[in-house]
Every structure is written in C-alpha cells, then in structure tokens.
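Here is how the chains run, residue by residue.
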Amino acid sequence: MQKLKEISLSRSLKINKIEKLKYVKPINDFYEDLKAFCDGKKIPQEEDINFFLKCFGLFRKDDGSFMLRIRIPAGELSPEGALAIGEISKLYGKNHIDITTRQQIELRFLALEHLYEIMGRLDSVGISSFQTGIDNFRNIVTSSFDGLGEMSIIPTKPLIKQMQTIFLKKEEWIGVLPRKFNTAILCTTINDCNIYGHDCSFVVAKKDSEIGFNLYLGGKVGVQGTDSGLFIATKDVLNVYTAIINLFKEYGFRDNRNKNRLHFLIEAVGLETFVEAIKTVTTLDFKSSGEILCKEELILKNDGTIELDEKSVAIHFVIPSGILSGEDMIELSSLDLVTDSKIRLSVEQSFYLVTQKDNINDIFSSHLYQKYQTYQTLYFHNQIACVGSTNCSYGVIPTKSEAVALSNYLQKHIPISDGKVRLYWSGCVKGCGIHGVGDIGFEGCKVKSSDGKMVLGVHIFIGGKATKEAKEARILKKSLPLNELNNFMLRLMSFYKNHKKEQESFESFDDRVLSGLSADEILALL
C-alpha cells in the first residue's frame, strides 16, 4: 500500500483542468441547473459543458445539439424502454438511434430545452443516462446470451445489479474517478463481449470444481487486460469489485488525462503490488487463477437463428453499423410484446430477439426482420463501426458509411456462405470501434495519394483474438487510400474463402495459416 501512496502522490501534485472543474460546485446541484438550462433561465458554463453535463450522459456537439448516452445494464432492454427510446428519437432526435459497443443506446440531435423532459421520460421506464460519460463507471457489459440456454453457465445479471448499486446515482461516486472505468463480467461459454478489453474483467473459470471468475485488470483500447492470478468466487465478486474501484479512486493518477486509466496505475506500481493491495483491503484468502471456460466460438446461421435449448431461440437482427430509426425501435417494442420475447443488445451494435421456437415464423414475417434480412451475411454479422467523422470531432473518416459500403461490395463480389469475419472500424487512433481486436481492423487516417494530395484512408490490422485468448491485432497494411480498399479486401477475402476449412472462422484461419507470417509475406500471398 505504501508504494501505491507514494506513486499516486507524485503523479497528482499538478492536477489536470477537468480535476479542477470537479470542485467548482456540488454535483447534486445538477438537476436544478439542468432544469434552468432547459427553461432558458440559465446558460451552461464551461464547467457544465466540459464536465457536469457529461457526468449524466449529455454531450454538446459542434452544432449546439446534444447527444445522450443511455445505460442499458447487461444489454437487456425492456419493451417499455424500447418504446420510450423510440418515441424520444422520433420526437426530438431526428429519428436516429445508435447502438454502441458497450450495449448502450445513443440519441443524437437533441435540443437543450428538451433534455430535462427526455431524462424524466427515460427515468419513468427505469432507464438512466447517469455516469455514462467523463470520469465515471460506464455500462457493465456481459454476453448477449447471459442466463440463456446451454451457453450460459450462471447468470451474471444479478451480479451486475449488485455492482451497480455501489455507484449508480450515488453522489459520492458521480464524477470522482481519475478517469473512466470499464467493467465486464462473463459467464457463458462464448466471449461475445470483448471480455479482456476492460479496466476490470471477471472471466468465467473453474477451480477445484468451483465455478467462479479469473480476474483480469488494466485493459483499455489497444491493450488487453492481464490475468491478476486471482480466482474470484461468485460470492466474493462484489467485495473484490468494491476494493478495486476504491483503490482506483484513492490512488489513481490525476495529472495527464491520457495516462490516468487504471492501466497506468498498475503499470507504475506493478501488477503484483496492486494485487497485494486487493488482498489487503478484502482480507480474502484467494485461490490462484482457474481454467477459463469461455473458449467456444459462435458462428451465426444465414437466417440469424441461434438455438438456445429445446424450446427457445435467439434471432439476430443485423443493424448495419448500429444505426436504426426511432420507428424501428417502436416496432421492436411492439414485436417484443406480441411474441413475448426479450431484447438483448450486442457489443457488435446489433440485437437479438430471444423467443420461443413457436414464434419464429411470426418474427421472420415481421416488417422489422424483413427490413434487415438483406444484411444476414458474413460481412455484416460481426461488424462494428464507431460514429466517425460524421458525428465525432476526432473522427478522420466517415466510418459507418464506409463500413456498410465495403460489406455490401464484398457480399456482391465474393460472397461466403459459411464462416465468420469480424470487421471492426475506428474513425481515428482513439479506437472506439475496437479495431485492435477485430479479425480485420480499420483505423481512419489521412494518406498521401499518388498525385501528392492528402486523401482519406485506413491503416489495416489483422489477427485480433477474442475467443480462446486475448490478443491485439497486428498491422497488415499502412495508409491505404479508401478508394483502394475494396480491391485490397477483395483479395484478402478471396484468399480466406479459397483456403479456409468448412465453417472455419477468420480467427481460427489466422491461427492456422497466417499467424507465423510477416505482413509482407501475407501481402505476397494475396
């Protein structure tokens, strides 16, 4: 603990400007301020725009409108919640909805005067935007199949609810962290939530016939978490999580915001020191890490159906780049009620409708399924794209439209009927599209063309791992102009199609064929 104290003190002598804003006024003044903002009685100040509003999921964009990020615990969306989100989008948000890589919803184009009313409407159906931005706990993610069928070992939703009670809407936890904190907990046989890429990850494992979790720490964009060496019994998850977040709150760095995540605290003090601090605070007698149980791979059928057990199925609705309309969400809420189904958002920006097998034909014949059925292809099944330059000031390229265009092109020219390819797009180096763990990842950049002009392009990555191990992708091609991307990917996908085994995913294909080759050697094969 002494080492934690010393290093923390040395890194917090000169705090950053966001830390200074935290002391401008009490956080519980927010609601009064928000109502005054919406009524036109008060104008948001710098501290409100840059900190206080973001603590409650409100982000002002360059055009003066607001984006609202909504927390959907475990990605489980009720029909009442879906209806409220859809109606708000239609009334106030230009009929636009984004599904995010944390199983959340984002609404855009909202006017300041409507924000108080919108948040009240969401609160009436049990949905909150609290602490979805800035230095707070982001949505705790898990498998889309948590608690469902044979893939689920034990349900984690009860644990997630308990974990949220520690911080959600608690004044002493709003905006007090040194930086954002991402959490994931997985207890299914498949890893469909990028389980290793979070500040704190509980990964289902078995130790001496006991089911619990291996604890991974320090993940972030571009870095996979590290095994702490601890096996966490299910009954101890809450205790351990409380210890970790309190240690981060007390000793996390508050100087350079680019290096204030938990990863950098652990890097500075050493993983062993941080683990010893967890042991000291919890006073638990831990076992060493167990055998990880999430090593299976889910490959979707062409109609998107996944058999869960003898009576139930999950039907995948492919939402290209995660964009759907308010009308779609309203229709989804109705379809959910009529078929007595359940909505589960995915980290790959789509959703599943979990239902009884007797309802399959009714869902297949629905207008909503028919609308998105054309995207039931290998190139869309596992696609991610951040908002890119269209709605983000950091974005270099318009990722969502480019992602959809590429997938459409590949489906037309090199269709593949079986297998799996995870195509992950980030608009810039920040990596919000988690391109670093994709089978093939695209990072937006500026490129000098053959005539010397700067044009839009991508860096291409290959070989990210998310099934049996945690591994970042490696660079395959630097600075490729977007107008050359179609032909490049056509060659790469042709090589995959011609040399893969039946039902072989690109992740397995990369392990078997490409992993020992350099980028130049791979390019020579195409």
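What this report covers is the structure whose coordinates are included nearby. (Residues numbered from 1 in each chain as written. Predicted model: local features only at pLDDT ≥ 70, side-chain atom pairs only at ≥ 80, totals over all residues. Heavy atoms only, no water.)

Our next topic: the overall build of the chain. Per the secondary structure count, the chain includes 19 helices and 21 strands. Here the chain has a C-alpha radius of gyration of 23 Å; the compact-globule value for 526 residues is 24 Å, and the two agree. Overall size of the chain, expressed as C-alpha extent along the three principal axes, is 60 × 60 × 55 Å. Counting the 526 residues in the chain, one finds 60% classified as buried. (Helix = DSSP H or I, 4+ residues; strand = E, 2+ residues; numbered from the N terminus. Rg over C-alpha atoms; globule rule 2.2 N^0.38 Å. Buried < 20%, exposed > 50% of the residue type's maximum accessible area, 1.4 Å probe, protein only.)

If you look at the biggest cluster of nonpolar residues, it comprises 108 residues, and the most contacted ones within it are I85, F202, Y241 and F274. In terms of residue count, the dominant contributor to this core is helix α8 (residues 237-251) (8 residues). Those residues in contact with I85 that sit more than four places away from it in its chain are I70, I72, L77, I97, I105, L107, L122, I127 and M329. L378, A385, F488 and I522 belong to the second largest nonpolar core, which has 32 residues in total. (Core = buried A, V, L, I, M, F, W, Y, C linked by side-chain atoms within 4.5 Å. Contact = heavy atoms within 4.5 Å.)

The 5 strands are arranged β3-β15-β16-β13-β12 in an open sheet whose pairing can be described as antiparallel. Edge strands, defined here as strands with exactly one partner in the open sheet, are β3 (76-77) and β12 (305-307). Here β12 runs beside strand β13 (residues 312-317); their pairing, made up of 3 bridges, is antiparallel. Bridge assignment links E307 to a residue of β13, and that residue is V313. (Pairing = 2+ DSSP bridges.)

Moving on, we get to the side chain of N194. Secondary-structure assignment places N194 in the loop between β6 (183-186) and β7 (200-207). According to the relative accessible area criterion, N194 is buried, its value standing at 15%. Not counting chain neighbours up to four residues away, the residues in contact with N194 comprise Q224, I434 and V437.

A word on the environment of D146. Secondary-structure assignment places D146 in the loop between α6 (115-124) and α7 (157-167). Spatially, the C-alpha atoms of D146 and D520 are 41 Å apart, while their sequence positions differ by 374 residues. In contact with D146, not counting residues within four places along its chain, are S152, I154, P155, T156, K157, T188 and R344. There is a polar contact of 3.1 Å between the side chain of D146 and the backbone nitrogen of K157. (Polar contact = N/O pair within 3.5 Å; in protein donor to acceptor, adjacent residues only side chain to side chain.)

Here helix α9 (residues 262-269) lies mainly inside the structure; 6 of its 8 residues are buried. All buried positions along α9 are accounted for by L262, H263, F264, L265, I266 and V269. Against α1 (2-10), β8 (210-217), α8 and α10 (271-282) lie the buried residues of α9. Two residues or fewer after α9 comes G270, characterised by a positive phi angle close to 95°.

A word on the sheet that holds strand β14 (residues 323-325). The antiparallel open sheet is built from 5 strands, whose spatial order is β1-β2-β5-β4-β14. Looking along the sheet, the strands with just one partner apiece sit at the ends: β1 (58-60) and β14. For this sheet the average axis-to-axis angle between neighbouring strands, irrespective of direction, equals 25°. Here 3 bridges tie β1 to strand β2 (residues 66-70), and the two strands are oriented antiparallel to one another. Within β2, the position partnered with R60 by the bridge is F66. Of the strands in this sheet, β1, β2 and β5 (105-110) are in contact with α6, which crosses β2 at around 15°. (Axes fitted to C-alpha atoms, helices over the stretch in contact; angles between N-to-C directions.)

Further remarks concern α6. Each full turn of the α-helix corresponds to 3.6 residues, which orients residues three or four apart in the same direction. Among all positions in α6, only L115, I118, M119 and L122 are buried. Projected down its long axis, α6 shows its buried positions confined to an angular sector of 95°, all on one face. Looking at the buried side of α6, the elements it contacts are α3 (30-38), β1, β2, α5 (79-92) and β5. Just downstream of α6, G126 is the residue with a positive phi angle, here 75°. (Arc of directions from axis to C-beta.)

Here the focus is the packing of aromatic side chains. In total, this model carries 21 aromatic pairs according to the counting rule given. Ring geometry for F51 against F52: centres 5.0 Å apart, planes inclined by 75°, an arrangement best described as edge-to-face. According to the relative accessible area criterion, F51 is buried, its value standing at 2%. Each ring, one from F181 and one from F248, has its centre 5.6 Å from the other, and the planes form 40°; the classification is tilted. Taken together, the positions of F181 in the loop between α7 and β6 and F248 in helix α8 put the pair 67 residues apart, joining distant regions of the chain. Among the aromatic residues, those joined into a ring-pair cluster are F137, F167, W173, F181, F202, F213, Y241 and F248. (Phe/Tyr/Trp six-rings, centres within 6.5 Å; stacked < 30°, edge-to-face > 60°.)

In this structure, S209 takes a positive phi of about 70° despite not being glycine. Positioned with a positive phi, D340 is a non-glycine residue whose angle comes to about 55°. In this structure, D340 sits in the loop between α11 (326-338) and β15 (342-345).

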